[in-house]
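Here is what each chain is made of, one letter per residue.
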Amino acid sequence: MTTHKVSLTVNATRKEVEVEPRLLLMHLLRENLGLTGTHVGCDTSQCGACTVLLNGRSAKSCTVFSVQADGAEITTIEGLRRDGELHPLQQGFWDEHGLQCGYCTPGMIMSALGLIQENPSPTETEIREGLRGNLCRCTGYQNIVKAVLAAAKEMGARR
């Protein structure tokens, strides 16, 4: 099979990878780059477990071919921690009990980050709307919303 060289920046590190044209970004991140925080959920873009930031906007990596990401900047859950400190969203999920099994958590956090970058002070309704493409079978969403509200407040205080 023919391969293509893909150059992208993942979590602030430049990467060049040879990929088959049909390889999904989700699989490139997990299998080629070892970034397993991007979870494989449904493979049909329904659950949001594979959400990453693609050029600063949240995207379900199961809907993007790796060749489409050539030249892109990608941030995964692994790229949020700085100097050993959790990102405010990660800390918010911890503090507000926004996770149970944790399977949906990376995708929820990445979607919430995309939301907060577009709307730094979201309301509860805006958070629920912004996360509607992410499914959680454990929490009932209330603590997830509380976590995002707390993180948005903390992120605003840091500006």
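Asks: Pulling in residues and values, what's your account of the packing of helix α3 (residues 105-118) against helix α5 (residues 142-158)?
Replies: One way to put it is that α3 packs onto α5 with a least axis distance of 11 Å and a crossing angle of 45°. Comparing their axes, α5 and α3 come out oblique. Viewed along their axes, α3 and α5 form a crossing whose handedness is right-handed. Packed against α3, whose contacting residues are M108, A112, L113 and I116, the element α5 presents I144, V148, A152 and M155 at the interface. Its residues placed into classes, the contact of α3 with α5 shows eight nonpolar, no polar and no charged.

Asks: Got a sec to walk through the nonpolar core? Specific residues and values, please.
Replies: Counting residues in each nonpolar core, the largest one holds 23 residues, and the members touching the most others are L89, F93, M108, L113, L131 and V148. Elements that contribute at least two residues to this core include exactly α2 (88-95), α3 and α5. Contact partners of L113, with chain neighbours within four places excluded, come to L53, L80, H87, L89 and M155.

Asks: Explain the layout of surface pockets residue by residue, including any values.
Replies: When its volume is computed, the largest pocket comes out at roughly 260 Å³. Around the largest pocket, the lining is made up of 14 residues, and of these S58, A59, S111, L115 and G130 lie nearest the centre. For the lining of the largest pocket, the secondary structure elements donating two or more residues are β4 (57-60), α3 and α4 (124-130). In the lining of the largest pocket, the residues fall into two nonpolar, seven polar and five charged.

Asks: Hey, could you go over the side chain of T38 for me, with residue numbers and the actual values?
Replies: By secondary structure assignment, the location of T38 is in the loop between α1 (25-32) and β3 (51-54). Beyond its immediate sequence surroundings of up to four residues, T38 is in contact with L29, R30, A49, C50, V52, S61, T76 and E78.

Asks: Pulling in residues and values, what's your account of α2?
Replies: Turning to α2, its buried residues number three or more, namely P88, L89, Q90, G92 and F93. Where α2 terminates, the next one or two residues include H97, which has phi positive at roughly 60°.

Asks: So what's going on with the state of the cysteines? Residues and values would help.
Replies: Applying the stated criterion to the full structure yields zero disulfides. For C42, which is in no disulfide, the shortest distance to another cysteine sulfur is to C47 and amounts to 3.7 Å. On the basis of relative accessible area, C42 is assigned to the partly exposed category, the value being 27%. Unpaired in this structure, C138 has its nearest cysteine sulfur neighbour in C101, at a distance of 3.7 Å.

Asks: Tell me about the pattern of salt bridges, and please be specific about residues and values.
Replies: Per the stated rule, a full pass over the model turns up five salt bridges. With a shortest N-O distance of 3.5 Å, E16 and K5 are connected by a salt bridge. Highlighted residues: E16 in strand β2 (residues 13-19) and K5 in strand β1 (residues 4-10), separated in sequence by 11 residues. There is no split in this pair, since E16 and K5 are both exposed. The closest approach of N and O atoms between R128 and E124, which form a salt bridge, is 3.4 Å. Here the residue R128 and the residue E124 both occupy positions in helix α4, the gap between them amounting to four residues, near one helical turn. You can call E124 partly exposed: its relative accessible area is 36%.

Asks: Tell me about the pairing of β1, and please be specific about residues and values.
Replies: Counting buried residues in β1 gives five out of seven residues, a clear majority hidden from the surface. Examined bridge by bridge, β1 and β2 share seven bridges and lie antiparallel to one another. Its bridge partner being in β2, H4 is matched across the sheet by V19. Here β1 folds back onto β2 in antiparallel fashion, the turn holding two residues, of which N11 has a positive phi close to 50°.

Rules used in this analysis
Residues numbered from 1 in each chain as written. Predicted model: local features only at pLDDT ≥ 70, side-chain atom pairs only at ≥ 80, totals over all residues. Heavy atoms only, no water. Axes fitted to C-alpha atoms, helices over the stretch in contact; angles between N-to-C directions. Helix = DSSP H or I, 4+ residues; strand = E, 2+ residues; numbered from the N terminus. Parallel < 35°, antiparallel > 145°, perpendicular 65-115°, else oblique. Left-handed = near helix turned anticlockwise from the far one by under 90°. Contact = heavy atoms within 4.5 Å. Nonpolar A, V, L, I, M, F, W, Y, C, P; charged D, E, K, R; others polar. Core = buried A, V, L, I, M, F, W, Y, C linked by side-chain atoms within 4.5 Å. Buried < 20%, exposed > 50% of the residue type's maximum accessible area, 1.4 Å probe, protein only. 1 Å grid on protein atoms, 1.4 Å probe; cavity = no way out; pocket = protein on both sides within 12 Å on 5 of 7 lines; lining within 4 Å. Points joined across faces, edges and corners; volume = space filled by probe spheres on them. Disulfide = S-S within 2.5 Å. Salt bridge = Lys/Arg side-chain N within 4 Å of Asp/Glu carboxyl O. Pairing = 2+ DSSP bridges.

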